[in-house]
Every structure is written in structure tokens, then in C-alpha cells.
Amino acid sequence: MATIRLGDLAPDFTADSSVGMINLYDYLGDSWGILFSHPADFTPVCTTELGAAANFKDEFDKRNVKMIALSVDSAASHAEWIKDINETQNTTVNFPIIADEDKKVSTLYDMIHPNADSNLTVRSVYIIAPDKTVKLTLTYPASTGRNFHELLRVIDSLQLTEYHKVATPADWKHGEKVVVSPAINTEDAKKMFPKGVEEIKPYLRLTPQPNV
């Protein structure tokens, strides 16, 4: 079991799910993807998370991101749990939940941290680019639910910085100023970014977000 690092190819897999057999690469196609694990079905925090994810689906769709969840329970268990999620979170689960009873996918993605729990997955997040490389990893303990606003924020940053020579500063949100890449000198930056370049320090230059 190897640790998955940024820039690595996301391991492909085929597994049963709440919507039948699914292959990760086929499912993602040319889209971005977010794979996130849950410790177990019929648990309170996971129920709120999957409800939140379903309610955010339109936002992920706008960004060409496909969601896929995972828990170590069976597809039949997922089907029953989805009924509870839909009822209690006033939503409709609209993405696959991988059934990982044999922990094959959990092991492949290093989602089980034995010192936390030897059987259940922690709350792992992997954001995967269209070329199937891993662009972001996050790991939360079972006791802490994820912030889906933050996941959307980092996806906005990843997609922006993938296609423009910029970086995003602390607490950046879509539409705010961004940082010019240090690899570009200021004169070249002014040609590259016609909206203007603000030089605070030679290494710290701001420009309006390029694609807004």
C-alpha cells in the first residue's frame, strides 16, 4: 500500500456501487472528479455529508466535476441508507457510492488509518484532474464533517491555476485577485495580464482573476 502523492496517477478500479458496477476512469471520462470516503453507512456525520454533497451537485456540475463516494458497507446497505439520507437531509442522492466490503479500494487509496480505526475508513478526499492525476488530498477524522464550500473553493483554485500562470492567496474566493507566478518577471506579467499587475514586492504581484 503506497501513499498517494500530488501529481500521482489516481489508481483505477472497478467496484460495485449504489448504481451497479462502476469503473473509475470510465465514470470520470474527461471530467474532473472528487472521490471521498465515509467511515460507515447509517452514521450521523456521514449522513449529513452525503446530503450536503447531493445538494451541492449543481455547483460541482458547473465546474465539470463528478462526485463519487465510498464506504466499506455493501451496495444493499447503501440503498437503504440513501433512503435515510434523502429523508433526513431533504435531498436526493445523485452520485454513486462505492461498496467496498473487501476494502480493496480503501487499501488502494490508503483510506484506512489503523491508529484511528483498523476497519473503517477516515474521511479522505481526492480531487482528480481530467488527465487522472491527483491534484489535492485532504484527510479528516471520522468525528469531523467536511466543509463542501471549501471543496468548491479549492476546485476553483485548482482549475484556475491549471490553465493560467497564477496562484491563489490565503482565503481566496472565486472572482478575487490572484498572485502572479514568481517564474514570470513583472514586465512580462504586465503583457500577459492586461487587467493590470500590482507589485507589492518583486516576488508578490497581484492581478485580477484572468477568467472573470
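Above this text sits the structure in question.
Only a predicted model underlies this, so the values are computations on that prediction, with no experimental measurement involved.

Draft legend 1. Inspection of the pairing of strand β4 (residues 65–71) at higher detail. Burial of β4 is extensive: 6 of the 7 residues sit out of reach of the surface. Across 7 bridges, strand β3 (residues 32–38) lies against β4 in parallel orientation. Bridge pairing links Ile 34 to Met 67 in β4.

Draft legend 2. Geometry of the nonpolar core. In terms of nonpolar packing, the biggest core is built from 47 residues, with Ile 34, Phe 36, Phe 60, Phe 95, Tyr 109 and Ile 127 touching the most fellow members. Top contributing element to this core by residue count: helix α6 (residues 148–163), with 6 residues. When residues no more than four places from it in sequence are discounted, the contact partners of Phe 60 are Ile 34, Val 65, Met 67, Phe 148, Leu 152 and Ile 155. Counting 9 residues, the second-largest nonpolar core is a separate cluster that includes Val 166, Trp 172, Ile 184 and Val 197.

Draft legend 3. Structural view of helix α4 (residues 75–89). In this model, α4 (15 residues) spans 20 Å end to end at C-alpha, consistent with the 21 Å of a helix rising 1.5 Å per residue. Listing the buried residues of α4 in full gives Ala 75, Ser 77, His 78, Trp 81, Ile 82 and Ile 85. In this fold, the buried residues of α4 make contact with α2 (44–55), β4 and β5 (97–99).

Draft legend 4. Examining the packing of α2 against α4 more closely. At a minimum axis separation of 9 Å, α2 and α4 run at an interaxial angle of 70°. For the element pair α2 / α4, the angle class is roughly perpendicular. Here α2 contributes Cys 46, Thr 47, Thr 48, Leu 50, Gly 51 and Asn 55 to the contact with α4, which in turn contributes Trp 81, Ile 85, Thr 88 and Gln 89. Among the residues making up the contact of α2 with α4, the classes are represented as 4 nonpolar, 6 polar and no charged.

Draft legend 5. View of the sheet that holds strand β8 (residues 166–167). Reading across the sheet, the 4 strands line up as β8-β9-β11-β10 and stay open at both edges, with antiparallel pairing between neighbours. Edge positions in the open sheet fall to β8 and β10 (198–201), since each of these has one partner strand only. Direction of pairing for strand β9 (residues 178–180) relative to strand β11 (residues 204–207): antiparallel, over a ladder of 2 bridges. Across the sheet, Val 179 pairs through a bridge with Leu 206, a residue of β11.

The rules behind each value
Throughout, residues of each chain are indexed from 1 in the direction in which the sequence is written. Two thresholds apply to this predicted model, a pLDDT of at least 70 for residue-level local features and 80 or more for giving and counting side-chain atom pairs, whereas whole-chain, interface and lining totals are computed over all residues. As a rule here, side-chain values cover all heavy atoms of the structure and leave hydrogens and water aside. Here's how the labels work: a residue is buried when its accessible area is under 20% of the maximum for its type, exposed when over 50%, partly exposed in between, all with a 1.4 Å probe on protein chains only. Helix and strand assignments come from DSSP, with helices taken as H or I runs of at least 4 residues and strands as E runs of at least 2, each series counted from the N terminus. Whether two strands pair depends on DSSP finding at least two bridges between them. Joining through side-chain atoms within 4.5 Å is the link that ties buried Ala, Val, Leu, Ile, Met, Phe, Trp, Tyr and Cys residues into a set, and such a set is a nonpolar core. Residue contacts are counted whenever heavy atoms from the two residues lie within 4.5 Å of one another. Expected helix span is taken as 1.5 Å per residue step, with the number of steps being one fewer than the number of residues. An axis is simply a line fitted to the C-alpha atoms; with a helix, the fit covers only the stretch in contact. Between two such axes, the angle follows the N-to-C directions and lies from 0 to 180 degrees. Each angle gets one of four labels, with under 35 degrees taken as roughly parallel, over 145 as roughly antiparallel, 65 to 115 as roughly perpendicular, and the rest as oblique. Residues were grouped as follows: Ala, Val, Leu, Ile, Met, Phe, Trp, Tyr, Cys and Pro as nonpolar; Asp, Glu, Lys and Arg as charged; and all remaining residues, including Gly, as polar.

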